[in-house]
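Coordinate analysis (summary)
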Amino acid sequence: MKPFRLNRTQTFIFLSLLPAVLLVFGFTYFPILKGIDVAFRNYSLFNLTDVHYVGLDNFRAVMGTPQFGTILKNTALWVIISLVFQFAIGFLLALLMRKGFRGRGIYQGFVFYSWALSGFLIGIIFRWLFNGQIGVINDLLLNAGIITERIGFLSDPKWAMFSVIVANIWYGVAFFAIMLLAALQSVPSELYEAADIDGASGFSQLFNVTIPYIMPTILSTVALRVIWIFNFPDLIYGMTNGGPAGSTHILTTYMLDKIIFSGDYGQASAIGIICIIILLLFLVFYMFATKAEKAGDF
Amino acid sequence: MRKATKWMALPMVTVLAVGSLSACSSSGTQKAADGGKAAPAKVNLKMIESLTSPARTEVIKKMIASFEAANPNIKVELISPPLEGADNKISTMLNAREDLDVLEVRDVTVKQFVTNKWIADLSSYTNAWSGYKDLNANAIAMANYINNTPYFIPYGLYEKMLFYRKDWFDAKGLTPPKTWDELYKDAKALTDPANNRFGYSFRGGSGADGYIVDLLRDFNGSNVNPDDAMFLKSGATIFSTPEAKQGLTMYANLYKDGSPKDSVNWAFAEQVQGFVSGTTAMLIQDPDTIDPVSQKLGQGTWATAPMPVGPTGISHYKVGAAGWGVTSYSKHPNEAWKLIEFLSSPEQNAIFTKTAGVIPIHNSASVDKSFTQGAYKPYIDMANDPAHFVSYKPETDYKGFGEWRKIVQQDMQAVLLNHLSIDDALKKWDAYWINEKKQGK
């Protein structure tokens, strides 16, 4: 049997690829594997001299907290409501920006601006806007006569989740506007001309020409956004820190909490794995439901 | 030929990459250049701070510059991570044994650093240091907080006191409260929601834990064991008594009758903002608040007072501290200590404490006018009245302390929002600390 040997060209290709492979492994796969390992260990910053394996204890501890139900419900609300409004408003803005008009460039800049800010910063800005005592939003509502008493947007559990989702919608609209505008501009004008000749109304053109044409973009951006919103604790962390009384925790803020307050990387990693499992299940379902080939390349 | 050029390309890329890397670390070449026998080798120290703020970083840099001027052989590189998550960054660096010599150690991190053997025992240095005995009792106690061993030298101390709106109190003919019950009554009297005025800057959000636990200690009075202050001298927890219930009920009422509704989720920034913006009449805070308050509020409109005492006339206070330590694996421990000794001298410490808003570590500072008069005065008064102001050893060395902070804050919010009864909260906290005690430190 001939031993496995690379010829010179293959060796060159192999060596050229090696740095990239090593980097990806070192900075992407190794941390993932390490995270999985840590999830099954007693890994607390408080004492790293004893990091023995504890089986499923971390998962039991995390899922066993009475809050866990609320956290899952919040995560679902956070993803679904944010996504629906981000998409609807973003799509509307993209449609409006498709046709050229004076100052469109500047207007686009304003629309896309929020996407350039850090989530944590937005969280802090909205924390002051929504402040129940000295916040601008309360002031505006009071002066406009819409409310007679200040609302504790971030201190009342009934309002807190609403407030963080509003901030998230504001933030994420820009992404859909950018991506969908790019897709809209790629729709050939002949299609609309043909539709005009057939006498299709604007509304019917939207649903029979525009949306089917940009469907691949819609499908892939929606999938991306679901993952990103799911993994976006920054805003909530900056605004409410999961409060009041834990009423705005989602899985990822709960994970941060485990690291920042408890220094418990074991339980935090367990939450991380739960997140990965949920997202994988979602993606499998999503690909199946939308017939993956339509979704184009991710 | 083509193949040959391809092969040439590989080492070229490597050379370029390595070249750009070494360009970043000029210290490496510097060391070699100075390595001649005439001059002693230059030592580079790496130092990291945790409670970063722009003004404070600037002062530290100035202090480092004077240190470098006095010690031309030592160069100090300061790392200033953002305050949020700085301690996590430091832990990660230490765990990876990254190049660090001097680091900021806090009362809340020292136990963890010692358990993981990340920081060095400084006793051989403090024994030889003449300045050590000039430190005040609180500074020495905090330096030796873990295992009675000096693991860090505090640069300053934190202690809470009461800030109040003197003009509002005068207008209503009130005097600053001496007890918690008076504070509640005053807060209620000063509350006028129609004019957006409230008596007390309540802390319900992040960091609420210390306020609640200290108050419950005050209500338990002299029964509290100051050496293990989550417990009474009898061994029961401070949450198990009728006095604890009385205290927590008062605290919940203070929120309902004398504080803004929104304050259930207030953290440091909102709490201080509430006071300086003229929404609240009273604020309990550390000395680092003196500076922002005096900048925003006019002179004469505010003043400070000692902490209110519990029903039996006792207030428990925790001295918080942060300071500088040396990593256990530092290659230049002697130079690192030299830097700490320099930073801890009375002159340098005076410069630092005035900017950072902390209580100085030296006995000699108690004759400094800026600390004996004005806003800092309650600290001197409290220190001179040990019968009523009892200091205790903080519980930060319990394993569950980090988790506890979050639990007590969330439970208290649930109590204030009527999702949890006071009895149930106390029962839960009692069980938590019985279990902590069982697990040991």
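Rules behind the numbers
Residues numbered from 1 in each chain as written. Chains lettered and ligands numbered in written order. Predicted model: local features only at pLDDT ≥ 70, side-chain atom pairs only at ≥ 80, totals over all residues. Heavy atoms only, no water. Helix = DSSP H or I, 4+ residues; strand = E, 2+ residues; numbered from the N terminus. Rg over C-alpha atoms; globule rule 2.2 N^0.38 Å. Buried < 20%, exposed > 50% of the residue type's maximum accessible area, 1.4 Å probe, protein only. Contact = heavy atoms within 4.5 Å. Areas by Shrake-Rupley, 256 points an atom, 1.4 Å probe, with all protein chains shown as cover. Lys, Arg positive; Asp, Glu negative; His and termini not counted. Charge placed at Lys NZ, Arg CZ, Asp CG, Glu CD. Arc of directions from axis to C-beta. Core = buried A, V, L, I, M, F, W, Y, C linked by side-chain atoms within 4.5 Å. Domains from an automatic or database assignment. Pairing = 2+ DSSP bridges. Axes fitted to C-alpha atoms, helices over the stretch in contact; angles between N-to-C directions. Salt bridge = Lys/Arg side-chain N within 4 Å of Asp/Glu carboxyl O. Buried area = accessible area lost by both parts, 1.4 Å probe. Polar contact = N/O pair within 3.5 Å; in protein donor to acceptor, adjacent residues only side chain to side chain.

In the annotation of an unreviewed UniProt entry, the entry for chain B reads ABC transporter substrate-binding protein, and the organism field reads Gordoniibacillus kamchatkensis.

When you go through chain A residue by residue, the secondary structure sums to 12 helices and zero strands. Mapped from its N terminus to its C terminus, chain A presents α and β elements in the order α-α-α-α-α-α-α-α-α-α-α-α. By the compact-globule yardstick of 19 Å for 298 residues, chain A is too spread out, its C-alpha radius of gyration being 24 Å. Along the first, second and third principal axes, the C-alpha atoms of chain A reach 75 × 70 × 35 Å. Across the 298 residues in chain A, those meeting the buried criterion constitute 44%. Here the contacts in chain A between residues at least 6 apart in sequence split such that 67% fall between residues at least 24 apart. On chain A, roughly 16000 Å² of surface is accessible, and the fraction owed to carbon and sulfur atoms is 70%. Taken together, the 18 basic and 15 acidic charged side chains of chain A have centroids lying 6 Å from each other.

A few words on helix 2 (residues 57-64) of chain A. Residue and element names in this part refer to chain A. Taken together, the buried positions of helix 2 are occupied by N58, F59 and V62. Angularly, the buried residues of helix 2 cover 95° about the axis, an arc narrow enough to put them on a single face. Facing away from the buried side of helix 2, by more than 90 degrees, are the exposed residues R60 and G64. Buried-residue contacts for helix 2 involve helix 1 (8-39), helix 3 (68-98), helix 11 (251-260) and helix 12 (265-290).

Right, let's talk about the nonpolar core for a bit. Counting residues in each nonpolar core, the largest one holds 100 residues, and the members touching the most others are V110, Y200, I212, F239, W404 and W429 of chain B. Two domains each provide a minimum of three residues to this core, namely domain 1 (39-158 + 321-361) and domain 2 (161-318 + 379-439) of chain B. Those residues within four positions of Y200 of chain B in sequence are excluded, and the remaining contacts are L183, A187, Y211, L254, G258, S259, P260, T280, A281, M282 and I284 of chain B. If you look at the next biggest cluster of nonpolar residues, it comprises 63 residues, including V79, I147, I169 and L219 of chain A.

Moving on: unusual backbone geometry. Of note in the backbone geometry, N241 of chain A takes a positive phi value of approximately 60° without being a glycine. Within the secondary structure, N241 of chain A sits in the loop between helix 10 (234-239) and helix 11. With a relative accessible area of 17%, N241 of chain A lands in the buried category. You will see that N148 of chain B, though not glycine, has its phi angle at about 50°, which is positive. Tracing the chain through its elements places N148 of chain B in the loop between helix 7 (137-143) and strand 4 (153-158).

Time to look at the sheet that holds strand 7 (residues 280-285) of chain B. All names here are of chain B. On the basis of which strands lie adjacent, the open sheet formed by four strands has the order 6-7-5-8 and mixed pairing. In the strand order of this sheet, the two ends are held by strand 6 (198-200) and strand 8 (302-305), each with one partner. Averaged over all adjacent pairs, the angle separating strand axes in this sheet is 20°, with direction ignored. The sheet strands contacting helix 9 (residues 180-190) are strand 5 (161-165), strand 6 and strand 7, and the helix crosses strand 7 at an angle near 145°.

Let us now look at the environment of V173 of chain A. Residues and elements named next belong to chain A. Considering the arrangement of structural elements, one finds V173 in helix 7 (residues 157-185). Sequence separation of V173 and T248 is 75 residues, and the distance between their C-alpha atoms is 21 Å. Dropping the residues within four chain positions of it, V173 is found in contact with F85, Q86, I89, G90 and L93.

Residue and element names in this part refer to chain B. Taken as a whole and assessed by the stated rule, the structure comprises 19 salt bridges over all chains. The partner of K428 in a salt bridge is D411, with the nearest N and O atoms 3.0 Å apart. Of the two residues, K428 is situated in helix 19 (residues 422-439) and D411 in helix 18 (residues 401-416); the sequence distance between them amounts to 17 residues. Residue K428 is classed as partly exposed on the basis of its relative accessible area, which comes to 43%. Judged by its relative accessible area of 8%, D411 falls in the buried class. Via salt bridges that share partners, E49, R56 and E104 belong to a single interconnected network.

Turning to helix 12 (residues 268-276) of chain B, a few remarks are in order. E270, Q271, V272, G274, F275 and V276 of chain B are the residues of helix 12 of chain B that are buried. In the core, the buried residues of helix 12 of chain B are packed alongside helix 5 (119-129) of chain A together with strand 5, helix 10 (208-220), strand 7, helix 13 (290-296) and strand 8 of chain B. Residue G278 of chain B follows helix 12 of chain B closely and has a positive phi angle near 85°.

The subject of this paragraph is the interface of chain B and chain A. Taken together, the contact pairs 43 residues of chain B with 39 residues of chain A. Taken together, both faces of the contact between chain B and chain A bury some 3400 Å²; the carbon and sulfur share is 55%. Here R127 of chain A makes a salt bridge to E270 of chain B, at a shortest N to O gap of 2.4 Å. Counting every contact that joins chain B to chain A gives 13 residue pairs in polar contact (both at pLDDT 80 or more).

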